[in-house]
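So the chains spell out like this:
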Amino acid sequence: MIKDIVAAICMWLALASVLPLYGQQKKENTLGSLWSQVEENYPGIAVKKIAINAAELNAKAVKSTHLPQVKTQFQNTYGTYEGSAGAFFPQPGFFNVSGNPGALEGSSLAANSFASATVEWELFTFGRLKKENEVAETLVQKKVSEQDAYILNLKKVLSERYITLLYNHAKLEWSKKNTERLDDIRKISSGLAASGLKPAADSLLATSSYVQAMGEHDKWNGNKYASYIKLQELYGQDTVMYSSSIRHFSAPMESQDVNASQRINDSHPILASLGKQVQYYTQSGEAQKRAAMPSLKLLGGYAYRGTGVNSNGKSSSSWQDGFRNNTNNMLVGIGITWNITSLYTNRLKGKGLNEEANSAKLLQTQYQDAMEADLSASQTKSHWQYKQLQKSQIAVKQAQDAYDMYLARYKSGLITLSELLQIRILLEQAENNHIEASRSYWLLLAYESELTANFDYLFNNL
């Protein structure tokens, strides 16, 4: 019984020591997990969201202009009241004075007060208000589609930077392996030269190759950290754990033509953005044409007038008397406003906007045709690229086995150093070709994902 209790206590202590270590392990990142952070924190996406909010506020502002427009004013003046006969056009800088100064007595100056409020409501505009609303709503949709296109491109940029980081990491590991091989050869050749089995030149040649490999390793070390910095600009965090992605990068599974059945359609964000641009220009042209038509308005007004001149013709220069002898008037009516010249001007503006719409429509067709061709070409290339990957992987294994055999023969003195270095170069080339093929394959998948607007496979498998 006591032994069982002691065993149970030991088991719990062991679990207690393991669980904290397990909980402290950092979670491996995938391309999909990186994207969730980018989507949440990257400032460029926030800029697009703000642009959408601005367009929505503009749409609300356009709708508010269709409400009755209420204006009011109040003024208090002090001046002369001489009048003169005749007619004139009121222009900025003029003020009109009416009255009969010859029949007045008292001061030549009088105080005046005036206040008014007017209401103006457009009842009928031949569809202009409706078109303006449609233009404002289309602008909101256009901003949304531009955000979708931006996000799609950002996914591609993130994918390319992540693939570049994995590529530079693979090249760094490749150069490390080459350095270690040359270091082994250097040590072996030095030992053989010291024992008199090989010439001293072998030791010098092996050391020279080893130093060159060290320089190559330094170069790829710099490239790796440079690509790491570029990825952090999007990701926004200091640490990226990508060891699992390295395995997928070097030994990818075939995509099984995941995007082969998908075609370019009008819902693609880039094409949708161009479609909204066509719609925006078309509706703006219609709104310009409707703006040339007359508008029927309901008008209403109220006015208050106070003056220092009373009904008996007595004028007072006191300021407080300017609020006496007041009158109140109101006015209600219907008016029609029509700028005849705008019939010609707005027609030209409408035609110009229609031409912009035709240009955007042709550009949309051009983009769709080009994307269809690019997708078909990319799918063909990625299919054959994967076949190259399979063969390059086999070539690496065979070159590695051959190198191990020749290294054993060199240790036995059966071959020369130059022959061993030639075999090592072949192994190095085979490994390098496999890394380059992996990079090309993943970049092709990233391009296909952008063309099909579907990054699911890339985000889940890298």
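Definitions and limits used
- Residues numbered from 1 in each chain as written.
- Predicted model: local features only at pLDDT ≥ 70, side-chain atom pairs only at ≥ 80, totals over all residues.
- Heavy atoms only, no water.
- UniProt positions renumbered as here; feature names shortened; annotations may be inferred.
- Helix = DSSP H or I, 4+ residues; strand = E, 2+ residues; numbered from the N terminus.
- Buried < 20%, exposed > 50% of the residue type's maximum accessible area, 1.4 Å probe, protein only.
- Contact = heavy atoms within 4.5 Å.
- Areas by Shrake-Rupley, 256 points an atom, 1.4 Å probe, with all protein chains shown as cover.
- Phe/Tyr/Trp six-rings, centres within 6.5 Å; stacked < 30°, edge-to-face > 60°.
- Lys NZ or Arg CZ within 6 Å of the ring centre and 35° of its normal.
- Polar contact = N/O pair within 3.5 Å; in protein donor to acceptor, adjacent residues only side chain to side chain.

Per an unreviewed UniProt entry, the protein goes by TolC family protein and derives from Sphingobacterium kitahiroshimense. Looking at the protein in UniProt, the text filed under Sequence similarities (unreviewed entry) is "Belongs to the outer membrane factor (OMF) (TC 1.B.17) family." According to UniProt, the comment filed for the protein under the heading Subcellular location (unreviewed entry) is "Cell outer membrane".

> Tell me about the overall build of the protein, residues and numbers included.
Scanning the protein from terminus to terminus reveals 10 helices and six strands. The buried share of the protein, reckoned over its 462 residues, is 35%. The contacts of the protein with a sequence gap of at least 6 include a subset with a gap of at least 24, amounting to 86%. By element, 57% of the accessible surface of the protein is carried by carbon and sulfur atoms, the whole surface being about 27,300 Å².

> Tell me what's going on with the environment of Glu-28, and back it up with residues and numbers.
With respect to the element layout, Glu-28 can be found in the loop between helix H1 (2-24) and helix H2 (31-41). Expressed as a C-alpha distance, the spacing of Glu-28 and Met-241, which sit 213 residues apart in the sequence, is 5.0 Å. Residue contacts for Glu-28: discarding those within four places in its chain leaves Met-241, Tyr-242, Ser-243 and Ser-244.

> Just give me the short version of the packing of aromatic side chains, but keep the residues and values in it.
The full count for this structure, using the stated rule, is six aromatic pairs. Ring plane angle 45° and centroid distance 5.6 Å describe the contact between Tyr-386 and Tyr-441, whose orientation is recorded as tilted. Here the residue Tyr-386 occupies a position in helix H8 (residues 342-411), and Tyr-441 occupies one in helix H9 (residues 417-452), the gap between them amounting to 55 residues. Each member of the pair, Tyr-386 as well as Tyr-441, is classed as buried. Taking 5.9 Å as the distance between ring centres and 70° as the angle between the ring planes, the aromatic pair formed by Tyr-441 and Trp-442 counts as edge-to-face. Classification of Tyr-441 by relative accessible area gives buried; the value is 1%. The ring of Trp-174 has Lys-171 lying over it, and the distance from NZ or CZ to the ring centre is 4.3 Å. Taking the ring centre of Tyr-225 as reference, the NZ or CZ of Lys-224 above it sits at 5.5 Å.

> Please provide a residue-by-residue account of the side chain of Ser-227, values included.
Here Ser-227 shows up in helix H5 (residues 200-235). On the basis of relative accessibility, which here comes to 6%, the residue Ser-227 falls in the buried class. Looking at Ser-227, its side chain comes within polar contact range of the side chain of Asn-168, at 3.2 Å. Beyond its immediate sequence surroundings of up to four residues, Ser-227 is in contact with Thr-164, Leu-165 and Asn-168.

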